[in-house]
Amino acid sequence: MANCRLFPFLILMLLSFQTLLTAHEDPTYKDIQVGVILDMESGVGKVIYHCVTMAISDFYKANPDYKTRIVFITRDTKGEPLYALSAALNLLENTEVQAIIGPESTVEERFLEVLEDKANIPILSFSTTPFSNTNPNLLGITQDETTQFKGIAAMVESFKAKNMIVICEDTTNGREMATYMVSSFQEKNIYVTYTSFITASSNNEQMWEELRKLQTMQALVFVVHASPSLATNVFSMAKELGMMDEGYMWIVTSKTTNYLDSMDSEAIESMQGALGFRSYFPASRELREFISKWRKEHYALDPFMEFKEVDSNGIWAYDAVYALAMAVEREQTRGLASKELGTNIGTSLLLDEMLRVKFHGLGGEFKLMNGRIITKVMEVVNVIGKGDRRVGFWMMGTDGEFVKEIGKTKSSSSNYHGLESIMWPGGTTSINPKRRMLQTNGKKKLRILFPSTSRFQNIAQISVDPRTNQSAASGFCGDVFNAAFNALDYGVGIEVIPFSYKDMTYNDAIDKIFSKEYDAAIGDFTITANRSLYVDFTLPFTDLGTGTVARNAKNSMWIFLNPLSANLWITTSCFFLFLGFVIWFIEHRSNDEFQGSPRQQLFTTLWFAFSTLVYAHREKLQSNLSRFVVVVWIFVVLVLTSSYTATLSSVLTVQQIGMNDISTGFFQVLSPLGGVAFNKLKPVDPNLAKLYTTADYAKAINSGGVDALVAEILYIRSNLALYYASDFSLIATASTTNGFGFAFQKGSPLAREMSTEIAKMREDGTLKALEDKWLKLQYASMSKDFSSPSLKILNLYGLRGLFLISGVSMASALLLSMIHLAREKIKRRIWRYILRRSADEESPV
C-alpha cells in the first residue's frame, strides 16, 4: 500500500527531472555573438564598453521574454589601428559574430574599410567623419561632426567677422575636417586667414611659437577642432600669451565640448569665455536614471578611481546596442532565420532590420538614414565658472537658425541671432570685433604712412594739431580715408607718419607695408598689379585711368589772326602789293585793262593782286612774264591758305591726341611722380616730362615745347582742368591705370572693410561731396603767374622759302620787263636818230 502511494510521487519526480533535462538541452533563447573592438586602456574605450554592457543588461531585463541574447566577444586594439584590423579579421575568421561594434577611433575605422568584401555584417562605427567608402554595412552611430560647421559659419557671420583662424590637430582626420570647415566658411564669404595644424606631441616651445604667430595675424575668431587633451594644452598656452583676454573670440567644436564634463578644473579655467557646439541629448527620465546608475556603479567599482562622466559616445553606444538587440529579435520573430538561428541568421536581413529600427532612446529619437544617425539639434554652450552654461541651440536643416529654446522662434531682441548673452574672454558681455582685428602685438594705434610733400595741396596735405603736435591726414585722399575709417567705428587710434619723396618713394612705402613696419599707406597711391602682390588695396576711390590735357583756344574777336605771325601777315601783305606793282609794270603799257587814269590803274592793280588770294582775278594777262609771276604766286597763296586753314582749325578746337599712340610703359615709369608731357605723341625730355606741382603742369604747356600732358585723371582734374579750366581742357581718357587706393598689409581685414565703406560713400554721395570740396573750380584762390600761352602759329621763318621763290620770280620778271622796256626805248631812240639823220640828209641845203 505504501508502495502504491509512492508510485505517483515517483512518476511526478521523473517527469520533473525530464522537464529539467529538456529545458537544459533546449533553452528558450539563442546566443548571438557580437564583436566589440575597442581600446580598453583609453578612457573613451572604457566608457563605451561599460555602456554597451549596461545596455544589454537593461534591455533583456526589460524584455525577458525575447528569444535571443547578444553575447559580446571583445578584442583590445591597444590604440593601434593595425591591431583593430587584426582583431576584426580574427573575429570574422575564428568566430561567428553577426555584427561588430567599434572601434572608437576614426583612423581605426578607416582600416576596417578594407574589409568590405569579407565583413558582410553590420559594423557599428563611432567615426564622426562622413563615410568615404561605399560599404553599406558600415553604420555611423555617432553624430557627423561636419554638420556643426555650418552652424559655426553662421555664428561667425553673426559676429560680422570676415576672417578667422582654424586650429586643427595634425592628423588625417584633422586635415580632412579643416577642408570641410573652410568650405563651409567660404559659403558665408568668410575668409580663413590661416589654418594651424598642431600635433598632440608638440612641446611647449613649439606650441608657444605657433600661437605667438597666430596672435599677430589680426584675426577676430579662433575655431578649435582638436581632441580634448590637445585643446586643453592650446587653451592653457593661449591664456599665458594673453589670448584669452578681452577682444578675443574662441569657438570650440564638439570634438572637445562633448567631453567638457570630464575635464579637470584647470582646463575649464583656461577656457573661460569660449563658445562651444555640443551634441544635444534631451532631458528625460531614462537619461537621468541611466546617469544615476552609471555614477553608482562607477563608485561601487572603485571609490578611489578617477571618476569618468558618461560622454556622448557612451550614450550613442547604449542606444546602438539597444537598436541591435531589437533588430536581432525582430529577425527571430519574423521567422526569417533557420532553426539554428545563432549561426545562420542572414546578415543582410539584420542590416535591413537595423535600418528600420526607430525608438526613443537616451539620446532622443534613434533612427538611421543613409547609414548615419539623424541629428537635428546641437547645443551651444558658454564656458563660464566651473563648467558651462547653455546659451541656445543650433537648429540644423536648410534654414538652420539659433534659438534660445527648442520649439520657440528666435526673438528679435536676442543677441547673436537668437542666443542668450555670451560672456566672452576677459569677462565682457559685449565686444567690438573690429577693434580686436586691429589690436595685434599690443598695438593701440594704426601707423599710417602719408605723403608730406605739398605738390598737390588739394589731394594730399598734412595738418598738425597745435595742442598735441601730432600730424593728421587732410586733402581729398585724407578726408576720404578719415570718413571711411570713422564709419567703421573700430575704436582704434591712428598715428599718421609723414614721408617725403626725397626720403622714400611710393614703392619704398609699399615695401615697408609688406615688411609690416607700418600698417597702411594712404594718399595718391596708384593701384598696380605688381604692388598688389605685396599689399591689399581697397577699391579705387578715384576715376580709373589717365587723362590727356591740352590748351584751349583763345576766345577773341581777332582769333582769325592767330594762325599767322605778325611778320608773316606784314610780309604777305607786302608781297600782294609787290605782285600788283609787278603785274601793272608789265601789263599797263600793252593791256587795256590796266590802263586809264592813275586812280583806275591803282584800283585795278590792287584788285588784281588781292583777288589772287581767292583766285577771283578776271583781268587777262598778255605778257608771259606776268603769267609766270602769277602762277608762282598762286602756288604760294595755295600753301598759305592751306596752312592757315589747318592752323586756324587747331586754334579753334582742342587738339585731339591719339591715346593709342602713347607709350603706356613710359607712362607707368613716371606716373607715381605726376604726369608725363608729350610732343607730337612722343615723350619730351625726361627732365621736362616729370611734373611734380601744379606750376610744372602749366609751365610745360605754356612753354610751347609740348602739345599735351598725360597723367592720372585726379591730377588733371584737380590741378589743370579745374584750376586752369580757362586755359586747358581734359580732352581724352584711357583706362590704363586702376586709380588710387589705400594700401594695407596682406590679409588685413581693413582692406575689405574700407572697400565696403568706400562703395557706400560713392552710393550715398559722400565721395562726390568730398570731390566738390577739394576739386571744384578755385579761380579766385589761384594766382596765375604764367604768361599767356604762345600758340604754335605759322611764322615767316618757316615759310621763308615760299616767299624767296615768289620774290625771285617777281624780281626776275620785273628785271626782265625793265630790260625789255629799256631795249625798246633804246631801239626807239636809235630809230628816231636814224630817221632824223635820214631826214637831215634828204633836206636841201
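Residues numbered from 1 in each chain as written. Predicted model: local features only at pLDDT ≥ 70, side-chain atom pairs only at ≥ 80, totals over all residues. Heavy atoms only, no water.

Enquirer: Sorry if this is basic, but what is going on with the side chain of T428 here?
Expert: Within the fold, T428 resides in the loop between β16 (401–403) and α15 (433–438). Those residues in contact with T428, other than ones at most four positions away along the chain, are E246, I422 and M423. (Helix = DSSP H or I, 4+ residues; strand = E, 2+ residues; numbered from the N terminus. Contact = heavy atoms within 4.5 Å.)

Enquirer: Any chance you could explain the packing of helix α25 (residues 749–764) against helix α26 (residues 766–775) here in plain terms?
Expert: A packed helix pair is summarised by two numbers, namely the angle formed by the two axes and the spacing between the axes. The geometry of α25 relative to α26 is characterised by a closest axis approach of 4 Å and an angle of 75° between their N-to-C directions. Regarding the angle of α25 to α26, the classification is roughly perpendicular. The residues of α26 that touch α25, namely those facing M761, R762 and D764, are T766, L767 and L770. Its residues assigned to classes, the contact of α25 with α26 comprises three nonpolar, one polar and two charged. (Axes fitted to C-alpha atoms, helices over the stretch in contact; angles between N-to-C directions. Parallel < 35°, antiparallel > 145°, perpendicular 65-115°, else oblique. Nonpolar A, V, L, I, M, F, W, Y, C, P; charged D, E, K, R; others polar.)

Enquirer: What exactly am I supposed to notice about the sheet that holds strand β22 (residues 535–537) here?
Expert: Hydrogen bonding along the main chain pairs the strands of a sheet, whether they run parallel or antiparallel. An order of β20-β17-β21-β28-β22 is seen for the five strands of this open sheet, with the pairing classed as mixed. Edge positions in the sheet fall to β20 (493–499) and β22, since each of these pairs with one other strand and no more. Across two bridges, the pairing between strand β17 (residues 445–451) and strand β21 (residues 520–521) is parallel. The partner of I448 across the bridge, within β21, is A520. Here helix α16 (residues 475–488) sits on the sheet and contacts β17, β20 and β28 (743–745); the angle it forms with β17, its principal contact strand, is near 160°. (Pairing = 2+ DSSP bridges.)

Enquirer: I keep staring at the packing of helix α7 (residues 204–215) against helix α8 (residues 228–240) and nothing clicks. Help me out?
Expert: As a packed pair, α7 and α8 sit with axes 10 Å apart at the nearest point and diverge in direction by 65°. Regarding α7 and α8, the two cross each other, and that crossing is right-handed. Between α7, through N204, M207, W208 and L211, and α8, the contact on the second element is made entirely by L230, N233, V234, M237, A238 and E240. Each residue belonging to the contact of α7 with α8 can be placed in one class, and the counts come to seven nonpolar, two polar and one charged. (Left-handed = near helix turned anticlockwise from the far one by under 90°.)

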